[in-house]
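Each chain is listed here by its residues.
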Amino acid sequence: QVQLVESGGGLVQAGESLRLSCVVFGGIFSRATMGWYRQAPGKQRDMVARITRGGSINYADSVKGRFAISTDVSKNTVYLQMNSLKPEDTAVYYCNAQPLGGTGNYWGQGTQVTVSS
């Protein structure tokens, strides 16, 4: 059974940093594109960062230069380092796994990130 477990959210002030972690259970990590998405109240869920197993990375324009996605294959974990946080980064952040071949699309439970001004 595939399960994504996120951690690391919280309340910070503008300009501070947070690191989100997502551990992937179920044996799909080595063959999945991993991503972080976020959803603010009343808005749609948007992609923040994605990394393929080949190492290709994409970022939303709004986070380029401030956020960094990375993986630790030995820990089946994907990270999102968030620096220079802004109030507009406030949202629930979700981890996502998309195995190769279209065999599923998995989400974590979400972790709240709140940035105060």
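Each remark here, short or long, concerns the structure printed above.
Now for a look at the structure at hand. Numbering of residues starts from 1 in every chain and runs along the sequence as written. A pLDDT threshold of at least 70 governs which residues receive local features in this predicted model, and a stricter bar of 80 or more applies before side-chain atom pairs are shown or counted, although totals over entire chains, interfaces and linings include all residues. Working from all heavy atoms in the structure, the side-chain values ignore hydrogens and water.

**Topic: the state of the cysteines**
Step number 1: Put simply, a disulfide is two cysteine sulfurs that come within 2.5 Å. Summed over all chains, the structure comprises one disulfide.
Step number 2: Here cysteine 22 pairs with cysteine 95 through a disulfide, and the sulfurs are 2.1 Å apart. On the sign convention where negative is left-handed, the bridge of cysteine 22 and cysteine 95, at about -85° about the S-S bond, is left-handed. A residue pair is termed long-range when its members are at least 10 positions apart, and cysteine 22 in strand S3 (residues 18-25) and cysteine 95 in strand S9 (residues 91-99) qualify at 73 residues.
Step number 3: For the exposure calls, accessible area comes from a 1.4 Å probe over protein chains only, and a residue counts as buried if that area is under 20% of its type's maximum, exposed if over 50%, partly exposed in between. Under the relative-accessibility criterion, cysteine 95 is labelled buried at 0%. Helix and strand definitions follow DSSP, with helices as H or I runs of at least four residues and strands as E runs of at least two, each counted in order from the N terminus.

**Focus on the pairing of S9**
Step number 1: Most of S9 is tucked away: seven of the nine residues are buried.
Step number 2: Both strand S4 (residues 32-39) and S9 contribute to a ladder of eight bridges, which runs antiparallel. Following the sheet pairing, tyrosine 37 is matched in S9 by tyrosine 94.
Step number 3: Should DSSP find at least two bridges between two strands, the strands are taken to pair. By the bridge criterion, two bridges tie S9 to strand S10 (residues 106-107) in an arrangement that is antiparallel. Within S10, the position partnered with asparagine 96 by the bridge is tryptophan 107.
Step number 4: Between S9 and S10, which pair antiparallel in sequence order, lie six residues; one of them, glycine 101, sits at a positive phi of approximately 85°.

**What about the packing of aromatic side chains?**
Step number 1: Pairing of aromatic rings covers Phe, Tyr and the six-membered ring of Trp, with a centre-to-centre limit of 6.5 Å; geometry is then stacked below 30 degrees between planes, edge-to-face above 60, and tilted otherwise. A full pass over the atoms with the stated rule returns two aromatic pairs.
Step number 2: Centroid distance tyrosine 37 to tryptophan 107: 5.0 Å. Interplanar angle 70°. Geometry classified as edge-to-face. Here tyrosine 37 is found in strand S4, whereas its partner tryptophan 107 is found in strand S10, with 70 residues between them in sequence.
Step number 3: The class for tryptophan 107 is partly exposed, based on a relative accessible area of 34%.
Step number 4: Judged by centre distance (6.4 Å) and plane angle (90°), the ring pair of tyrosine 94 and tryptophan 107 falls under edge-to-face. Residue tyrosine 94 is found in strand S9, and its partner tryptophan 107 is found in strand S10; the two are separated by 13 residues along the sequence.

**Quick word on the sheet that holds strand S7 (residues 67-72)**
Step number 1: Taken in spatial order, the four strands line up as S1-S3-S8-S7 in an open sheet, and their pairing is antiparallel. Strands with a single pairing partner mark the edges of an open sheet, and in this sheet they are strand S1 (3-7) and S7. The average undirected angle you get between the axes of adjacent strands in this sheet is 15°.
Step number 2: Inspection of the sheet shows S3 paired to strand S8 (residues 77-82) by six bridges, in the antiparallel sense. Bridging across to S8, serine 21 finds its partner in tyrosine 79. What counts as an axis is a line fitted to C-alpha atoms, over the stretch in contact for a helix, and the angles between N-to-C directions run from 0 to 180 degrees.

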